[in-house]
Amino acid sequence: MDAAVTGESIEDIEIQLLLDALYRHYHYDFRHYARASIKRRLLQARTQLGYDSISAIQSAVLHDETILPRLLNYLTVQVSEMFRDPSYFRALREKVIPHLRTYPSLKVWVAGCSNGEELYSLAILFAEEGLAERTIFYATDINPAALRAAQAGIYPLDRIRLFTENHRLSGGHSSLSDHYTADYDRAVFDKSLRERTVFSDHSLVTDAAFGEMHLISCRNVLIYFDRELQDRVVGLFAESLVRGGFLGIGSKESLRFSAHADHFADFVGDERIYRRNVR
Amino acid sequence: MTLQAVVIGASAGGVQALSQVLPALPADFPVPIMVVVHIPPRRDNALVDLFARKCRLAVKEAEDKEPIASGTIYFAPPDYHLLVETGGTFALSSDETVNHSRPAIDVLFESAADAYGPGLVGIVMTGANHDGAQGLRALCAAGGQGIVQAPATAEVATMPEAALAACPAARAMTLEEIEPALEAMVER
């Protein structure tokens, strides 16, 4: 059969084979990631890493495991901002924190934490609200390099102006500069912000639920998954939350079409903050 | 090949340019139209309200995983890339900016070229950067048809000029010529 009959391009076949290879050899499972974005990222990897084809990447990564971390950086790493969408963090502060205050101890899961911008935003928010001492944060990602970056908490100084403005708009009542030290062209965030954070290698695709979370924040991760995988992950979140616990997702994400939507009720609808039903 | 979808990219001066083309389309225009306009990354999408008032076609912001419907004009949300999946649904991404833009015209055009191949027409309008040039080239390479707002008639000629340079097969047109050209491509 020729391509016109199968309707599948050679590149699409190569991508499927590469994703199968990554799963079978390394147990990294990107097979249910939204395909258009994966394709863009792999074509970028092909060009920038200097391969002639996606098949050449497959051969290289199967025979040389040192290629894997470089490829993972293309497939997983997100550029985010601290306090991205300030109104989300304002809603957490004004609407969710009053409920969280009623618990003697708290567990917060930042799922798909990437380089840690969302984690530090929440850690600063919880410190400002006086809840840091009773909270344990879990920051998880599948990319070891991203976890190391999150653990380090160092960001280019030229991004700090944006972070500072976002923080102010989110209703922050400290100064962002109270939480980092400028070091040449870098901002090094305070160790105290991550003293109570557990960094962990965890895959939303293949790993099990985390127990008894009061808040899960997972923003702009679900858009990278196909419907089927979104369903799995939302089910995982439902399982991981205490009854009455909160789930925050990206401003263009929704639980509306999820098979597990009935586990959740809108809490702050505009900000995509949901509450786990009690039953 | 029957026209299956239209993609449009516009930047500086784009709202005015689109205002001459989109409202002219009839209510029974039978294919989806997807639009990227470079806009600041704020949350509320004023474009949807603006064009919903002016257009006879339905106008909405594209949502992640939404099935793409005929006879609808979709705008990319601010601060997200808009992509088309081969199954005929939208996908959003918050990947880094492309050509300093998110949403980027190239990202929409390249993914739509994969999904629709020769059934796609792409239009690059006024703008002060080079976004859309690579996308239009990919679109034409996949068998689609390229249209570029004639640079001399564009508020800012940089983007149309870059698109024509990258994709010489594209036809330059005035804004007045674009809507009749689209009408001529659809089957009823």
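Bear in mind that the values here come from a model prediction, so they are computed numbers and not experimental data. (Residues numbered from 1 in each chain as written. Chains lettered and ligands numbered in written order. Predicted model: local features only at pLDDT ≥ 70, side-chain atom pairs only at ≥ 80, totals over all residues.)

## Description of the overall build of chain A
Here is the rule we go by: Secondary structure elements are defined from DSSP: runs of H or I of at least 4 residues count as helices, runs of E of at least 2 residues count as strands, and each element is numbered from the N terminus. With C-alpha atoms as the basis for the radius of gyration, the globule rule is written as 2.2 Å multiplied by the number of residues raised to the power 0.38. Working definition of burial: number of other C-beta atoms within 10 Å of the residue's own, with buried at 20 or more, exposed at 12 or fewer, and partly exposed in between, all C-beta atoms being placed from the backbone. Two residues qualify as a contact pair if the distance between their C-beta atoms, derived from the backbone, is within 7 Å.
A count of helical and extended segments in chain A gives 10 helices and 10 strands. Taking 19 Å as the expected radius of gyration for a compact globule of 279 residues, we find that chain A reaches 20 Å, a close match to that expectation. Out of the 279 residues belonging to chain A, those deemed buried represent 45%. In chain A, the proportion of contacts linking residues at least 24 apart, taken out of those at least 6 apart, comes to 76%.

## Here's the deal with the overall build of chain B
Of regular secondary structure, chain B possesses six helices and nine strands. Here the C-alpha atoms of chain B give a radius of gyration of 14 Å, agreeing with the 16 Å that 2.2 N^0.38 yields for 188 residues. A principal-axis box enclosing the C-alpha atoms of chain B has dimensions of 40 × 35 × 30 Å. Taking all 188 residues of chain B together, the buried fraction comes to 54%. Sequence separation of 24 or more characterises 71% of the internal contacts of chain B that already satisfy a separation of 6 or more.

## Focus on the sheet that holds strand β2 (residues 135-141) of chain A
Residue and element names in this part refer to chain A. We apply this condition: Strands are treated as partners if at least two bridges between them are detected by DSSP. To get an axis, fit a line to the C-alpha atoms, keeping to the stretch in contact for a helix; angles then go from 0 to 180 degrees between the N-to-C directions.
Here we have seven strands laid out as an open sheet, ordered β6-β2-β1-β7-β8-β10-β9, and mixed in their pairing. Either end of the sheet is taken by a strand with one partner, and the two such strands are β6 (197-201) and β9 (264-268). Going across the sheet, the axis of each strand differs from the next one's by a mean of 20°, ignoring polarity. Where strand β8 (residues 241-249) meets strand β10 (residues 273-276), three bridges bridge the pair, whose relative direction is antiparallel. For glycine 248, the partnering residue across the bridge sits in β10 and is isoleucine 273. Of the strands in this sheet, β2 and β6 are in contact with helix α8 (residues 144-152), which crosses β6 at around 170°.

## So, helix α5 (residues 158-166) of chain B
Those residues of α5(B) not exposed but buried are B:Met159, B:Pro160, B:Ala162, B:Ala163, B:Leu164 and B:Ala166. Close packing links the buried residues of α5(B) with β7 (120-124), α4 (133-141), β8 (145-149) and β9 (171-173) of chain B.

## Quick word on the packing of helix α1 (residues 14-21) of chain B against helix α6 (residues 175-185) of chain B
Residue and element names in this part refer to chain B. The cut-off we apply is this: Angle categories: roughly parallel below 35 degrees, roughly antiparallel above 145, roughly perpendicular from 65 to 115, and oblique for all the rest. Should the near helix be turned anticlockwise from the far one by less than a right angle, the crossing is left-handed, and should it be turned clockwise, the crossing is right-handed. Think of it as three bins: nonpolar holds Ala, Val, Leu, Ile, Met, Phe, Trp, Tyr, Cys and Pro, charged holds Asp, Glu, Lys and Arg, and polar takes everything else, Gly as well.
The interhelical angle for the contact between α1 and α6, taken along N-to-C directions, is 45°, at an axis separation of 8 Å. As far as their axial angle goes, α6 and α1 are oblique. The crossing of α1 and α6 is right-handed. Residues Ala17, Gln20 and Val21 of α1 form the contact with α6, whose own contacting residues are Leu175, Ile178 and Glu179. Split into classes, the residues belonging to the contact of α1 with α6 amount to four nonpolar, one polar and one charged.

## With respect to the domain arrangement of chain A
All names here are of chain A. Condition: Start and end positions for the domains come from either an automated domain assignment or a database one.
Taken as a whole, chain A is organised into domain 1 (3-76) and domain 2 (86-276). For domain 1 and domain 2, the distance between their C-alpha centroids amounts to 29 Å. Of the residues lining the interface, 11 residues belong to domain 1; the matching set on domain 2 comes to 12 residues. In terms of residue count, helix α5 (residues 67-76) provides more of the side of domain 1 that touches domain 2 than any other element does, four residues in total.

## Some thoughts on the packing of helix α3 (residues 35-49) of chain A against α5(A)
Residues and elements named next belong to chain A. For the pair α3 and α5, the least separation of the axes is 9 Å and the interaxial angle reads 140°. With respect to α5, the axis of α3 lies oblique. When you trace α3 past α5, the crossing you get is right-handed. Between α3 and α5, the residues in contact are Arg41, Leu42, Gln44, Ala45 and Leu49 and Arg70, Leu71, Tyr74 and Leu75, respectively. Of the residues assigned to the contact of α3 with α5, the class counts are six nonpolar, one polar and two charged.

## Looking at the environment of A:Ser174
All names here are of chain A. Tracing the sequence through the fold places serine 174 in the loop between α9 (160-169) and β4 (180-183). On the neighbour-count criterion, serine 174 (12 C-beta atoms within 10 Å) is exposed. When the C-alpha atoms of serine 174 and glutamine 151 are compared, they prove to be 22 Å apart, with 23 residues separating the residues in sequence.

## Observations regarding the pairing of strand β2 (residues 33-37) of chain B
All names here are of chain B. Defined as follows: Consider the strands pointing away from the viewer: the crossover is right-handed when the path from the first strand over the helix to the second runs clockwise.
The buried fraction of β2 is high, at five of five residues. Note that strand β1 (residues 5-10) and β2 share five bridges and pair parallel. Directly across from valine 7, in β2, lies its bridge partner methionine 34. The β-α-β motif built from β1, the intervening α1 and the parallel element β2 has right-handed crossover chirality. Here β2 pairs with strand β4 (residues 72-75) via three bridges, running parallel. If you follow valine 35 over to β4, its bridge partner there is phenylalanine 75.

## Comments concerning the interface of chain A and chain B
Put simply, an interface is often sized by how much accessible area is lost when its parts join up. Across the contact, 17 residues belong to chain A and 17 residues belong to chain B. Residue composition of the side of chain A that touches chain B, by class: six nonpolar, five polar and six charged.

## Observations regarding the nonpolar core
In plain terms, the rule: A set of buried Ala, Val, Leu, Ile, Met, Phe, Trp, Tyr and Cys residues, joined through C-beta atoms within 7 Å, is what we mean by a nonpolar core.
Counting residues in each nonpolar core, the largest one holds 141 residues, and the members touching the most others are B:Met34, B:Val35, B:Leu82, B:Leu108, B:Ala112, B:Leu136 and B:Ala163. Sort the elements by how many residues they give to this core and helix α3 (residues 105-116) of chain B lands first, with eight residues. Residue-level mapping places this core at the junction of two domains, with at least three residues from each of domain 1 (3-76) and domain 2 (86-276) of chain A. When near neighbours in sequence (up to four residues on either side) are disregarded, B:Ala112 contacts B:Ala5, B:Val7, B:Met34, B:Val84 and B:Leu120.

## Overview of the sheet that holds strand β3 (residues 154-156) of chain A
Adjacent strands of a sheet pair through backbone hydrogen bonds, lying either parallel or antiparallel. Residues and elements named next belong to chain A. Taken together, three strands build an open sheet; the order of strands is β3-β5-β4 and the sheet is antiparallel. Single-partner strands in this sheet number two, and they are β3 and β4. Between one strand and the next, the sheet's axes are offset by a mean angle of 25°, whatever the strand orientation. Bridge count between β3 and strand β5 (residues 186-189): three bridges; the pairing is antiparallel. The residue bridging proline 156 from the neighbouring strand is arginine 186, located in β5.

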